[in-house]
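Per-entry structural report
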Amino acid sequence: MVHEIANLLAAIRMSGHFLASNLPAAERAALARDIERLTCQSGALLGQLRPLLDETTDHRANVSAASLLAGLAAALEGAIAPERLRVAKGRTLPEVRVDADAIHQVLIALVTAATGDSAATAAVRVTARRDGGRVILSVIDEAKKLELAHESGSSLRGRELSFVLADAVLRTMGGRVKLGNRRRGNQIELWLPVARTSIAATSRPVKRRRAGRDAPRRP
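Fair warning: this is a prediction, and the values are worked out from it, not measured in the lab.

What counts and what doesn't
- Residues numbered from 1 in each chain as written.
- Predicted model: local features only at pLDDT ≥ 70, side-chain atom pairs only at ≥ 80, totals over all residues.
- Heavy atoms only, no water.
- Buried < 20%, exposed > 50% of the residue type's maximum accessible area, 1.4 Å probe, protein only.
- Helix = DSSP H or I, 4+ residues; strand = E, 2+ residues; numbered from the N terminus.
- Arc of directions from axis to C-beta.
- Pairing = 2+ DSSP bridges.
- Axes fitted to C-alpha atoms, helices over the stretch in contact; angles between N-to-C directions.
- Contact = heavy atoms within 4.5 Å.
- Parallel < 35°, antiparallel > 145°, perpendicular 65-115°, else oblique.
- Left-handed = near helix turned anticlockwise from the far one by under 90°.
- Nonpolar A, V, L, I, M, F, W, Y, C, P; charged D, E, K, R; others polar.

Moving on to helix α4 (residues 65-75). Those residues of α4 that fall on the buried side of the exposure criterion are Ala65, Leu68, Leu69 and Leu72. Down the axis of α4, the sector holding all buried residues measures 95°, keeping them to one side.

Structure follows, in structure tokens:
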């Protein structure tokens, strides 16, 4: 984990070196975005350590899926070109019971890593749907297939490490991370538990009102 962040910081420094040289404006702008993306990615990886190290405090709260998605889009606004990232709104989805900051860091780490591994013109999509008692946020890309045959051990690097770290973080709050089936690219699914209040609201039976004395009689 520490080596992974050190490599990202080294890449940031190298990008800054080239940015200071005499490059065309378009290349300078692209490098500036790369620096911003790598900075977001390294910060997100560090941010995920907090829920793993602090197991005595419960930071879970009810939060809307829409706010998680909006926060992701806002955080990456300057780091990823608009045409390369499409984030669902999720306005009709229920609240989830999670550590909102931890999920925010997980999403940033997964999206920035997917963008870095994808072709320069390829877009990364973040979709959202409900499946029973959980909300599933999916990070979908067209990059090289992830190899998760060896999901444990210090040899993990890159996106494989991000996947395993994200799964460990989500399991602290009753969720999990799953790799969906796709013929091309990857679909990393974050399974988040729906808040109990949202479950109760959607499962409560609808009571039919009985006709009172003043109700109009049938002819």
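There's more to say after this.
Taken in spatial order, the five strands line up as β2-β4-β5-β7-β6 in an open sheet, and their pairing is mixed. At either margin of the open sheet sits one strand with a lone partner, and together these are β2 (85-87) and β6 (176-179). Looking at each pair of strands side by side, their axes are set apart by 20° on average, direction ignored. Direction of pairing for β2 relative to strand β4 (residues 124-131): parallel, over a ladder of three bridges. If you follow valine 87 over to β4, its bridge partner there is valine 126. Sheet contacts for helix α6 (residues 158-171): β5 (134-141), β6 and β7 (186-193); angle to β6, the most-contacted strand, approximately 145°.

This part is about the packing of α4 against helix α5 (residues 100-117). Running from N to C, α4 and α5 cross one another at 50°; their axes reach a closest spacing of 10 Å. One way to sum up the angle between α4 and α5 is to call them oblique. Crossing angle aside, the handedness with which α4 passes α5 is right-handed. Judged by residue contacts, Leu68, Gly71, Leu72 and Ala75 of α4 engage Ala100, Ile103, His104, Leu107, Ile108 and Val111 from α5. Across the contact of α4 with α5, the residue classes tally to eight nonpolar, two polar and no charged.

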